[in-house]
Structures are given as structure tokens and as C-alpha cells.
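# Coordinate inspection notes
As a plain string of letters, each chain reads:
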Amino acid sequence: MLKNFLPNEHVDSVYDINPLVLKDKGIKGVITDLDNTLVAWDKPDATEEIVEWFQLMNRHGIQVIIASNNNENRVKLFSEPLDTTFIHSARKPLSKAFKKAQKEMNVKKDELVVVGDQIMTDVLGGNLAGIHTILVVPIVETDGFITKFNRKIERRILKWMKRKGKIEWEENSKDDNS
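Residues numbered from 1 in each chain as written. Predicted model: local features only at pLDDT ≥ 70, side-chain atom pairs only at ≥ 80, totals over all residues. Heavy atoms only, no water.

### What to know about the overall build of the protein
Counting its regular elements, the protein contains 7 helices and 6 strands. The secondary structure elements of the protein, listed N-terminal to C-terminal, are β-α-β-α-β-α-β-α-β-α-β-α-α. Taken across its 178 residues, the protein has 46% of its residues classed as buried. Here the contacts in the protein between residues at least 6 apart in sequence split such that 64% fall between residues at least 24 apart. If you sum the accessible surface of the protein, you get close to 9900 Å²; carbon and sulfur atoms cover 50% of it. (Helix = DSSP H or I, 4+ residues; strand = E, 2+ residues; numbered from the N terminus. Buried < 20%, exposed > 50% of the residue type's maximum accessible area, 1.4 Å probe, protein only. Contact = heavy atoms within 4.5 Å. Areas by Shrake-Rupley, 256 points an atom, 1.4 Å probe, with all protein chains shown as cover.)

### Considerations on the confidence of the model for the protein
Scored by pLDDT, the protein comes out at a mean of 87, with 86% of its residues at no less than 70. Throughout residues 171–178 the model reports pLDDT below 50, and contacts reaching past four residues in sequence, or to other chains, amount to 12 contacts. (pLDDT = per-residue confidence, 0-100.)

### Quick word on the pairing of strand β6 (residues 132–136)
Burial runs high along β6: 4 of the 5 residues are buried. With 3 bridges joining them, strand β1 (residues 9–11) and β6 adopt parallel strand pairing. Note on β6: the bridge partner recorded for E9 is I134. The parallel pair strand β5 (residues 112–116) and β6 is bridged by helix α5 (residues 119–128), and the resulting crossover is right-handed. (Pairing = 2+ DSSP bridges. Right-handed = clockwise from strand over helix to strand, strands pointing away.)

### Some remarks on the environment of A97
If you trace the backbone, A97 turns up in helix α4 (residues 96–105). Taking C-alpha positions, A97 is 8.9 Å from S68, a pair spaced 29 residues apart along the chain. Setting aside its immediate chain neighbours within four residues, A97 contacts I87 and A90.

### What to know about unusual backbone geometry
Glycine aside, residues mostly have negative phi angles, and peptide bonds mostly take the trans form. P93 follows K92 through a cis peptide bond whose omega is 20°. By the secondary structure assignment, P93 is in the loop between β4 (86–87) and α4. One non-glycine residue, S89, adopts positive backbone phi at about 45°. The class of S89 is partly exposed, set by a relative accessible area of 39%. Located in the positive-phi region is N106, a residue other than glycine, with phi close to 55°. Inspection of the secondary structure puts N106 in the loop between α4 and β5. Using a relative accessible area of 69% as the deciding quantity, one classes N106 as exposed.

### What to know about the packing of aromatic side chains
Considering all chains together, one arrives at 1 aromatic pair under this definition. With a centroid separation of 5.5 Å and an interplanar angle of 80°, the aromatic rings of W53 and F54 are classed as edge-to-face. On the basis of relative accessibility, which here comes to 3%, the residue W53 falls in the buried class. (Phe/Tyr/Trp six-rings, centres within 6.5 Å; stacked < 30°, edge-to-face > 60°.)

Below is the structure:
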């Protein structure tokens, strides 16, 4: 059961996800979370760096869909200037949004990756859907109410995984002192 919480990869940020590496692995699509993955959860607009990252993926033929548990207004206002498809109120970790994104991109599961900052939603959902998962470090240390609750559970899961030798990266010191 706990293996479903284990990401296939861990990177510091989406900027560490290289389209050439993805293409070498046969990846044609990225399903990415929004809040604390692409921008801070309380920032309404994409940064110039995120705009460039989306353009880079697009230039290399990699489709990107934003799948967020946030409301339609939030996700739409962020996504439209990027000219990217989005799924709001995704209810991750349930699989419906992942299946919808896969169908929208017209790719196979093994041609997709899920990128996100939360184990309880992005990683668990992607793993349950049978899609390769990449966990990113949250952009900011603050979170909304529900995410704060999830982070407490995530810290316990990460500590257990670390003790069992399932993960190789170091948790932030703030997590160790919680």
C-alpha cells in the first residue's frame, strides 16, 4: 500500500524536467499540478520562467495539461494565457482527471508523466492510474488549509520511507523539526 506513495522520480522543480530526457523515455505528455508545483499557491499568474518552460515543452512536442484540485476560476485564469488545456476540481488522487488528460492528449499511459508537489494527491493519483510520477519540492512553505493537513501525513510517510531506504533524497530540515 505505501508503495503507492513513492514517486518514480524526485526533482527540485519543474525546471529540472528536461524535454529531451522525456522524449528519450518515450514521454509525449505531462500532467502537472498547479499550486506549489508551477507557482506559489497564492500567486495568480505564471512567471516568465514558467511561460518559457511551457514553450520549451511545446517546441519539443510534449503536451502539457494542468490538473488541479483548485476551482475553475483559479485554474482557468492561470492556464488561458499559457494557451494550455486544464482540468479544474480534479479531485486527485481519484483517477478521473488523469484518464481525462490522457484521453485529451491521445497518448498511452506509458507516454505520460504526472508532476506535482504532493504525495497525497499527485503521486498517489498518478501511481494508482499507472502513470510515471515526478515529485517536485513545493515552491513555498505555506499551504492552504487542506494541504497543511496533507503535508503532516506526507511527512510521516516520507520519514517511514527514508527509514526503510525507499527514498534517497533528503527532506528539508523544516520537515524534520515538525
